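Given next are the chains, with one letter for each unit.
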Amino acid sequence: MTLLAFDWILLIEKFVLIAIIVSVSLVIAMYETYAERKVAAFLQDRPGPNRAGPFGMLQPLADGLKLFMKEEIIPNTSNKFLFILGPCLAMLTAMMTCAVIPWGSHLELFGRHIDLQIADINIGILYVFGVVSMGVYGIMIGGWASNNKFSLIAALRGASQVISYELAMGLSLIALLMLTGSLSLRTIVDQQMAPGHLWNIVYQPLGFLIFLVCAFAECNRTPFDLPEAENELNFGYHQEYSSMKLGFYLFAEYINMFISSVIMATLFFGGYDIPFLDESTLNPNVAALLGGAALFLKVVFFIFLFMWVRWTVPRFRYDQLMDLGWKKLIPLALANMVVTGAVILWLKK
Amino acid sequence: MQALTNRGKEVERKPMSFWESLYLPGIFKGMAITFSHLFKKKPTIHYPEQKREFSPVFRGLHVLNRDEEGRENCTACGLCAVACPAEAITMEGAERMPGEENLYREEKYAAKYEINMLRCIFCGLCEEACPKDAIYLSETFAPSDFNRKGFIYKKEDLLIPDKNTDPEGYAKARGSKK
């Protein structure tokens, strides 16, 4: 009978929330591809795609259709199971991170208190890190299963880059976590919303800078897009991929970009906090919607930043990349951590 | 070594200062430059809707001319074919029969007149060679086609519409050239 005592409405509520969040992330990733092309075009004094629909708004659909219509090639010598698993894993790990992100405070509908978060686990950031580092498997398996030496080398290059930058990213976050004292993303946002408390960017500017640089490297974005350097390194780990499997890899990159923008907004820029506004005076439903919109605006800015940097800064050489990661960012993150710890100790005494 | 121009600049090879070696100021400067391009006017001409204006000396597709009464000027003398450096023009002459005076201006006319637009280099030498003012290059350029045969233009394709029966078509083919 205990089975029947389970709160079935909660299950339905979470299911609806998952469906909404996943489809919204997919749509945003879709329109990121459009935004990427538009931003690139505008920065280069071109109008960009403008034929499919008004202002070219239907371009992502046309691109998707094109990818689906392409011939699907699986190399004879490849390991078929792993070859298909690679892009699936890349897509899966990209989508899984949105489970712990607080998208807004809470709604009150039909007398129920609905948190705008799929799961508020108390190790939210650790979960994000765990899932993101699983994304390396997508790259490694894809490159390895292709049974092509160029793909394999590119996969190794990509994996070593992602692993190196994860270190500095984690170290830069430790300083932040010492401040917040919590790994739960919702608690971190609530702390930043509390009156008299500023956004974490004010306390951790260096930490944010390191996190930002590492986020660029984690998402394989220019200036760190060596794993897929199309023009000089002969594509990369997805060289043997075609049709929608290639589309999955490219799409996973855009979802990663969206998720890392959300994480940066949540950790350093107050998440769904609206600056200079006390949300507790508002109707909770209105506050939740406004908060969601605020988070969305911050995310849009970060996505634009990703693209802006891509079309400004040229690509690093591989040794420069490793040099920056290991010799610059990690010592800097360590120093940041030590200084933060010392300041916290000094202020508490 | 003697400098070719006086615009040469000495390359600086001194080590970077600390500020420069951070690269961040340089990156911000670059980003400011790219950002300013967001709002610049786009020089793009949206082709099928907008068209670039040609200069008055533009040499486009050939047109075979008619005189004031709508008679063909061409006498199939072959001078244009001789002048053509790309050997794109072929023609066959025929004698005008009694009763055809309203069609052809002189006693001889071109029964067949073909220009291979894939060979043509649009140099305009045919126009210069023509003693009868029968051929000139218009403002339009060759439209695309799916096969090569479509690019061999027959006399019907080249001949300008009759001014007296189809004034609109005539004006369109004539363009703004005089």
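Residues numbered from 1 in each chain as written. Chains lettered and ligands numbered in written order. Predicted model: local features only at pLDDT ≥ 70, side-chain atom pairs only at ≥ 80, totals over all residues. Heavy atoms only, no water.

S.K.: Help me get a handle on the overall build of chain A, residues and values and all.
M.R.: Secondary structure assignment for chain A yields 11 helices and two strands. Along the chain direction, N to C, the helices and strands of chain A fall in the order α-α-α-β-β-α-α-α-α-α-α-α-α. Its C-alpha atoms give chain A a radius of gyration of 21 Å, within 12% of the compact-globule value 20 Å for 349 residues. Over its C-alpha atoms, taken along the principal directions, chain A stretches across nearly 60 × 55 × 50 Å. (Helix = DSSP H or I, 4+ residues; strand = E, 2+ residues; numbered from the N terminus. Rg over C-alpha atoms; globule rule 2.2 N^0.38 Å.)

S.K.: Mind laying out the packing of helix α6 (residues 185-193) of chain A against helix α9 (residues 243-268) of chain A, listing which residues take part and the relevant values?
M.R.: Residues and elements named next belong to chain A. Two elements in contact, α6 and α9, have axes separated by 8 Å at closest approach and are oriented at 50 degrees. Here α6 is positioned oblique relative to α9, judged by the angle of their axes. Facing α6, whose interface residues are L185, I188, V189 and Q192, α9 presents T266, L267 and F268. Class assignment of the residues belonging to the contact of α6 with α9 gives a composition of five nonpolar, two polar and no charged. (Axes fitted to C-alpha atoms, helices over the stretch in contact; angles between N-to-C directions. Parallel < 35°, antiparallel > 145°, perpendicular 65-115°, else oblique. Contact = heavy atoms within 4.5 Å. Nonpolar A, V, L, I, M, F, W, Y, C, P; charged D, E, K, R; others polar.)

S.K.: How would you explain the pattern of salt bridges if you had to name every residue and give the values?
M.R.: In total, this model carries 17 salt bridges over all chains according to the counting rule given. One salt bridge in this structure joins R71 of chain B and D67 of chain B, with 3.2 Å as the shortest N-O distance. Among the charged side chains, a salt-bridge network with shared partners connects E36, R221, E253 and R310 of chain A. (Salt bridge = Lys/Arg side-chain N within 4 Å of Asp/Glu carboxyl O.)

S.K.: Quick rundown of the sheet that holds strand β5 (residues 152-153) of chain B? Include the residues and the values.
M.R.: Residues and elements named next belong to chain B. Reading across the sheet, the three strands line up as β2-β3-β5 and stay open at both edges, with antiparallel pairing between neighbours. Single-partner strands in this sheet number two, and they are β2 (89-95) and β5. The sheet contact formed by β2 and strand β3 (residues 108-116) spans seven bridges and is antiparallel. If you follow E95 over to β3, its bridge partner there is K108. (Pairing = 2+ DSSP bridges.)

S.K.: How would you summarise the nonpolar core if you had to cite specific residues and measurements?
M.R.: One finds L267 and F268 of chain A to be the most contacted residues of the largest nonpolar core, which totals 88 residues. If one sorts the elements of this core by residue count, α9 of chain A sits on top with 15 residues. Among residues more than four places away in sequence, those in contact with L267 of chain A are I125, L173, L176, L185, I188, Q192, N200 and F211 of chain A. Of all hydrophobic cores here, the second largest spans 22 residues; its members include L64, I115, Y153 and L158 of chain B. (Core = buried A, V, L, I, M, F, W, Y, C linked by side-chain atoms within 4.5 Å. Buried < 20%, exposed > 50% of the residue type's maximum accessible area, 1.4 Å probe, protein only.)

S.K.: Break down the interface of chain A and chain B for me, with residues and values.
M.R.: Many analyses report the size of an interface as the accessible area lost when the parts associate. The partner chain B presents 15 residues to the 15 residues of chain A that form the contact. Counting each side, the surface lost to burial between chain A and chain B is near 1300 Å², with a carbon and sulfur contribution of 70%. When the buried surface of chain A facing chain B is broken down by residue, D45, R51 and W308 of chain A rank first, second and third, together holding 37% of it. On inspection of chain A and its partner chain B, the count reaches one salt bridge. Here E49 of chain B makes a salt bridge to R51 of chain A, at a shortest N to O gap of 3.0 Å. Between the two partners, chain A and chain B, sit six residue pairs in polar contact (both at pLDDT 80 or more). Counting only elements with at least two residues in the side of chain A that touches chain B, the list comes to α1 (8-43) and α10 (284-310) of chain A. (Buried area = accessible area lost by both parts, 1.4 Å probe. Polar contact = N/O pair within 3.5 Å; in protein donor to acceptor, adjacent residues only side chain to side chain.)

S.K.: Kindly report on the environment of C84 of chain B, identifying the contributing residues and their values.
M.R.: Here C84 of chain B shows up in the loop between α3 (79-83) and β2. The spatial distance from the C-alpha of C84 of chain B to the C-alpha of A3 of chain B is 45 Å, given a sequence separation of 81 residues.

S.K.: Got a sec to walk through the environment of A293 of chain A? Specific residues and values, please.
M.R.: Residues and elements named next belong to chain A. Note on placement: A293 falls in helix α10. Among the residues examined, A293 registers a relative accessible area of 40% and is labelled partly exposed. Distance in space between the C-alpha atoms of A293 and G104 is 8.6 Å, their sequence separation being 189 residues.

S.K.: Let's hear about the environment of D63 of chain A: which residues, and what values?
M.R.: Assignment of secondary structure puts D63 of chain A in helix α2 (residues 59-69). Separated by 29 residues in sequence, D63 of chain A and Y34 of chain A place their C-alpha atoms 9.4 Å apart.

S.K.: Residue-level account of the state of the cysteines, with values.
M.R.: If you walk through the whole model with that rule in mind, you get zero disulfides over all chains. In this model C130 of chain B remains outside any disulfide bridge; the closest cysteine sulfur is found in C77 of chain B, 6.1 Å from its own. (Disulfide = S-S within 2.5 Å.)

S.K.: Run through the packing of aromatic side chains, naming residues and quoting values.
M.R.: Residue and element names in this part refer to chain A. Inspection of every chain in the model, using the stated rule, returns 21 aromatic pairs over all chains. For the pair F83 and Y241, a centre-to-centre distance of 4.1 Å together with 0 degrees between the ring planes defines the contact as stacked. Of this pair, F83 sits in helix α3 (residues 80-96) while Y241 sits in the loop between α8 (205-218) and α9; the two residues are 158 residues apart in sequence, bridging distant segments of the chain. Taken individually, F83 and Y241 each receive the classification buried, so the pair is uniform in this respect. For the ring pair W103 and F258, a centre distance of 6.0 Å and an interplane angle of 20 degrees mean the geometry is stacked. Taken as a pair, W103 in the loop between α3 and β1 (106-109) and F258 in helix α9 lie far apart in primary sequence, 155 residues in all. Grouped by ring-pair contacts, the aromatic residues W199, F208, F211, F268, F269, F301 and F302 constitute a single cluster. (Phe/Tyr/Trp six-rings, centres within 6.5 Å; stacked < 30°, edge-to-face > 60°.)

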